[in-house]
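Geometric and topological summary
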Amino acid sequence: MSQRSVYIAYTGGTIGMKKTANGFAPEAGYLTQELKHLADLNREDMPHYEIHEYPNLIDSSNITPHDWFDIAEDIKSRYHEFDGFVILHGTDTMAYTASALSFMLEDLDKPVIVTGSQIPFGELRSDGRDNLITSVILAASYHIPEVCLFFHDRLYRGNRAQKIDATNFHAFGSPNFPPLAKVGTTIDIDETLLIKANTRPFNVRKIEPPEIAVVSIFPGMSAQMLDNLLIDPIKGLILQTYGMGNAPSNDKAFLKVIEKATKRGVIVINISQCYRGRVDMQGYETGNRLSQCGVISGFDMTTEAALTKLYYLFSLGLSRNEIAKKMQISLRGEMTQ
Ligand code: ASP
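Residues numbered from 1 in each chain as written. Predicted model: local features only at pLDDT ≥ 70, side-chain atom pairs only at ≥ 80, totals over all residues. Heavy atoms only, no water.

Omega for the peptide link from D232 to P233 comes to 15°, which places this bond in the cis form. For P233, the location among the structural elements is in the loop between α5 (223-229) and β16 (236-241). For D107, which is not glycine, the phi dihedral falls at a positive 55°. (Helix = DSSP H or I, 4+ residues; strand = E, 2+ residues; numbered from the N terminus.)

Structure (structure tokens):
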């Protein structure tokens, strides 16, 4: 069998950063140089790899949907040459990028694993080495036809992951879906959880983000503030609600603002503020009122998945009704039905 091969794209993020007078920042050429000297990555029993550093390395706080398209196009241009893809990325917005790619990469049939680190590669005790080496092994050796996020010792479905810790090595969680793989002395993949392989031709869908707002409700929130926000050109609102999808049902002004927006065609998605659990607008009267105002359930989607899915569906040019329908069904395993 010929040697397996993996394409590594370095987009920026801590893993390839160096200390500067203003704090850590990515430095061109630095990570590529470090990888050359990493004995483990260059062993005979490791897959072949090629690394491509992006010309404009960024702290992932600067990521835009345009950058997602660049990553997706990069994967597409090398798709047939490699067995898998590892995207090195900053942790701050890694879950957004993994979610966005999961929708943009249509009919993906190879692993795309997004990873990074909390400590730069060249520093003592960096978690980047293990994260990178394990991601390369996973991307080369297993048929995982989906976008994943690997961190510390877990492989997550990309659109289920969330950053949960700013400093700990265990920086990501997947609140509503089990990890696809657990990595210890052995690599244990739960094949039953993986998206099914497909033979349709791989395609990249560009997303043009429409005006979407994300609002977390809180006691004392002003209906006027929401009304001011929900004016044209807002096309969608992700409403982060209490518990199982509840909001103040006694606040008539608030409900009126929501109803006015949905009647105008704004898609309002109900996502829980809770880390774990799912929205059920039939559970309490307070949630039920939202549903009567035309709010759609986001079930157990993360905010990252709901936002990037909305971007994707709007970019398909679908009608409001079609978008609302598709928001409530799983397209890439992003929600439990
Ligand atoms: N600010 C960094 C980034 O997201 C944090 C990291 O990579 O861990 O690019």
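With mixed pairing, the eight strands of this open sheet are ordered in space as β4-β1-β5-β7-β8-β9-β12-β13. Two strands in the sheet have a free side with no partner beyond their single neighbour: β4 (48-58) and β13 (187-189). Neighbour-to-neighbour, the strand axes of the sheet open up by a mean angle of 20°, direction not taken into account. Across the sheet, helix α2 (residues 65-78) touches β1 (5-12), β4, β5 (84-88) and β7 (112-115), and the angle it forms with β4 is around 155°. In this fold helix α4 (residues 128-141) packs onto β1, β5, β7, β8 (147-151), β9 (154-157), β12 (181-183) and β13, with an angle of close to 155° to the strand it touches most, β5. (Pairing = 2+ DSSP bridges. Axes fitted to C-alpha atoms, helices over the stretch in contact; angles between N-to-C directions. Contact = heavy atoms within 4.5 Å.)

As a packed pair, helix α3 (residues 94-104) and helix α8 (residues 303-315) sit with axes 9 Å apart at the nearest point and diverge in direction by 40°. By crossing handedness, the relation of α3 to α8 is classed as right-handed. Taken together, the residues of α8 that come into contact with α3 (itself represented by A95, Y96, S99, A100, F103 and M104) are E304, A305, L307, T308, K309 and Y312. (Left-handed = near helix turned anticlockwise from the far one by under 90°.)

Every residue lining the ligand is accounted for by G13, T14, M17, D59, S60, G90, T91, D92, S117 and Q118. One nitrogen or oxygen atom from the side chain of D59 is found 2.9 Å from a nitrogen atom belonging to the ligand. Note that an oxygen atom of the ligand is positioned 2.4 Å from one of the side-chain N or O atoms of T91. Class assignment for the residues of the shell around the ligand results in one nonpolar, seven polar and two charged. (Near = heavy atom within 4 Å. Polar contact = N/O pair within 3.5 Å; in protein donor to acceptor, adjacent residues only side chain to side chain. Nonpolar A, V, L, I, M, F, W, Y, C, P; charged D, E, K, R; others polar.)

Overall, the coordinates contain 16 salt bridges when judged by the stated rule. Measuring nitrogen to oxygen at the nearest pair gives 2.8 Å for the salt bridge that ties D92 to K163. In this pair, D92 sits in the loop between β5 and α3 while K163 sits in strand β10 (residues 162-163), placing the two residues 71 residues apart along the sequence. The exposure class assigned to D92 is partly exposed, which follows from its relative accessible area of 42%. On the basis of relative accessibility, which here comes to 26%, the residue K163 falls in the partly exposed class. Here D300 ties to R160 by a salt bridge, and the two come within 3.3 Å at their closest N and O atoms. Highlighted residues: D300 in the loop between β18 (296-297) and α8 and R160 in the loop between β9 and β10, separated in sequence by 140 residues. Each member of the pair, D300 as well as R160, carries the same accessibility label: buried. (Salt bridge = Lys/Arg side-chain N within 4 Å of Asp/Glu carboxyl O. Buried < 20%, exposed > 50% of the residue type's maximum accessible area, 1.4 Å probe, protein only.)

Turning next to α4. With 14 residues, α4 extends 20 Å from end C-alpha to end C-alpha; this agrees with the ideal 20 Å at 1.5 Å per step. The element α4 is largely enclosed, with a buried count of 10 among its 14 residues. Within α4, the full set of buried residues consists of G128, N131, L132, I133, T134, S135, V136, L138, A139 and A140. (Expected span 1.5 Å × (residues − 1).)

With that settled, the discussion passes to the packing of aromatic side chains. Enumeration according to the criterion identifies eight aromatic pairs in this entry. Each ring, one from Y79 and one from F85, has its centre 6.2 Å from the other, and the planes form 5°; the classification is stacked. Assessed through its relative accessible area of 5%, Y79 is described here as buried. Centre to centre, the rings of F82 and F85 are 6.2 Å apart; their planes meet at 65°, and the pair counts as edge-to-face. Given the relative accessible area of 0%, F85 is considered buried. Here a set of aromatic residues connected by ring pairs shows up, and it is made of Y7, Y79, F82, F85 and F202. Sitting over the ring of Y79, K110 keeps its end group 4.8 Å from the ring centre. Above the ring of F69, the side-chain terminus of K206 is found at 4.8 Å from the ring centroid. (Phe/Tyr/Trp six-rings, centres within 6.5 Å; stacked < 30°, edge-to-face > 60°. Lys NZ or Arg CZ within 6 Å of the ring centre and 35° of its normal.)

In this section: the sheet that holds strand β17 (residues 267-272). The four strands are arranged β15-β16-β17-β18 in an open sheet whose pairing can be described as parallel. The open sheet has two edge strands, β15 (212-216) and β18, and neither has a second partner. Each of β15, β16 and β17 is contacted by α8, which is oriented at about 160° to β15, the strand it contacts most.

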